[in-house]
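Below are the chains, spelled out letter by letter.
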Amino acid sequence: MPEASAHPGEPHYITRSGWLRAAVLGANDGVVSVSSLIIGVAAANPDPGTVVIAGIAGLSAGAMSMAAGEYVSVSSQSDTEKADVSREKSALQEFPEEELAELAAIYQEKGLSEKTALVVARELTEKDALAAHVRDELGLSEAHAANPLQAAFTSAVTFSVAAAIPLLAAFAAPANSIIPVVLVVTVIALAALGALGARAGAAPVLRATLRVVVWGVFAMAVTAGVGWLFGVAV
């Protein structure tokens, strides 16, 4: 039987943190990096064909890079978590009393009396000692467990979808208006992504939106400046 929720109308959003982090990272990186690339190339050489090819290359390379980077990064995190769990399992077998005392001390630090902490530690140890230590000593839980494939897939997909926005804008824009069109479309896309990410995580919308837009515009400005400064096609 599923556990009843004390507030069914107000669900917790922390369980979304794994895939949501990867999604927000992938989408923002897709918009910002491809927009920056397009603007930088257009500032040096406004030829529409060159700009679109650069954008397609940036989308393809970026999506693969995001997938590989997320997979390697989250796999390293997962390996560390598994190693900690393995060490904890060995410690429970070799030093059960010391581990019980350690667990009781953790509950005391959280505000329980010494007697109550020991009772709680004993009962949880009898039920599932490893789960209790993994949760309360290591701070790990199933909801937050690293998932390399999920992170890689989410980042690659969201990067590709978001990167397609400035790419399509560059493709549709007149040759002499690529930079302003891509800039406007990108700012709108960044604002939308910031708001969607905030709403998905039940976070303040305005602050998240401003953060995404400001840093995105800064990245594009720096890249455009490099294009104007050197005046060469990338």
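What comes next concerns the included structure. Model, not experiment: these values are computed from the prediction. All chains use their own residue numbering, which begins from 1 and follows the written sequence. Note on the predicted model: pLDDT of at least 70 is required for a residue's local features to be given, and 80 or more for side-chain atom pairs to be given and counted; whole-chain, interface and lining totals, by contrast, use all residues. Excluding hydrogens and water, the side-chain values take into account all heavy atoms of the structure.

**Remarks on the overall build of the protein chain**
Comment: elements are numbered from the N terminus, with helices defined as DSSP H or I runs of at least four residues and strands as E runs of at least two. Of regular secondary structure, the protein chain possesses 7 helices and 0 strands. Among the 234 residues that make up the protein chain, the fraction classed as buried is 35%. Residues are treated as being in contact if the distance between any of their heavy atoms lies within 4.5 Å. Within the protein chain, counting contacts between residues at least 6 apart in sequence, those at least 24 apart form 76% of the total. Burial here depends on accessible area, computed with a 1.4 Å probe over protein chains only, as a share of the maximum for the residue type. Under 20% is buried, over 50% is exposed, and the range in between is partly exposed.

**A few points about the environment of phenylalanine 159**
Position of phenylalanine 159 relative to the elements: it lies in helix α5 (residues 148-172). By relative accessible area, phenylalanine 159 is classed as buried at 1%. Spatially, the C-alpha atoms of phenylalanine 159 and valine 32 are 9.8 Å apart, while their sequence positions differ by 127 residues. Those residues within four positions of phenylalanine 159 in sequence are excluded, and the remaining contacts are Gly26, Ala27, Asp29, Gly30, Ser33, Val34, Gly58, Leu59, Gly62, Ala63 and Met66.

**Considering the packing of aromatic side chains**
Note on aromatic pairs: the rings of Phe, Tyr and Trp (six-membered ring only in Trp) are paired at centre separations within 6.5 Å, and the planes decide the class, stacked below 30 degrees, edge-to-face beyond 60, tilted for the rest. Inspection of the entire model under this criterion finds 1 aromatic pair. Residues tryptophan 215 and phenylalanine 218 carry aromatic rings whose centres are separated by 6.0 Å and whose planes lie at 85° to one another, so their mutual orientation is edge-to-face. Taken together, the positions of tryptophan 215 and phenylalanine 218, both in helix α7 (residues 205-230) and 3 residues apart, correspond to about one turn of that helix. The exposure class of tryptophan 215 is exposed, given its relative accessible area of 59%.

**A few points about the side chain of threonine 186**
Structurally, the position occupied by threonine 186 is in helix α6 (residues 178-200). Every residue in contact with threonine 186, bar those within four places of it in the chain, is listed here: Val31, Ser35, Pro166 and Met220.

**A word on the packing of helix α3 (residues 96-109) against helix α4 (residues 114-136)**
Note on method: axes are straight lines fitted to C-alpha atoms, helices fitted across the in-contact stretch only, with angles between N-to-C directions ranging 0 to 180 degrees. Taken N-terminus to C-terminus, the directions of α3 and α4 make an angle of 115°; their axes are 8 Å apart at the nearest point. Viewed along their axes, α3 and α4 adopt a mutual orientation that is roughly perpendicular. The two elements α3 and α4 meet at a crossing, and its hand is right-handed. Here Glu99, Leu100, Leu103, Ala104, Ile106, Tyr107 and Gln108 of α3 lie close against α4, whose contacting residues are Glu114, Ala117, Leu118, Val120, Ala121, Arg122, Leu124, Thr125, Ala132, His133, Arg135 and Asp136. Here roughly perpendicular refers to angles of 65 to 115 degrees, roughly parallel to angles under 35, roughly antiparallel to angles over 145, and oblique to all remaining angles. Crossing handedness is defined as follows: a turn of the near helix away from the far one that is anticlockwise and smaller than a right angle gives a left-handed crossing, while the clockwise case is right-handed.

These results come straight from atomic positions and should not be treated as a statement about function.
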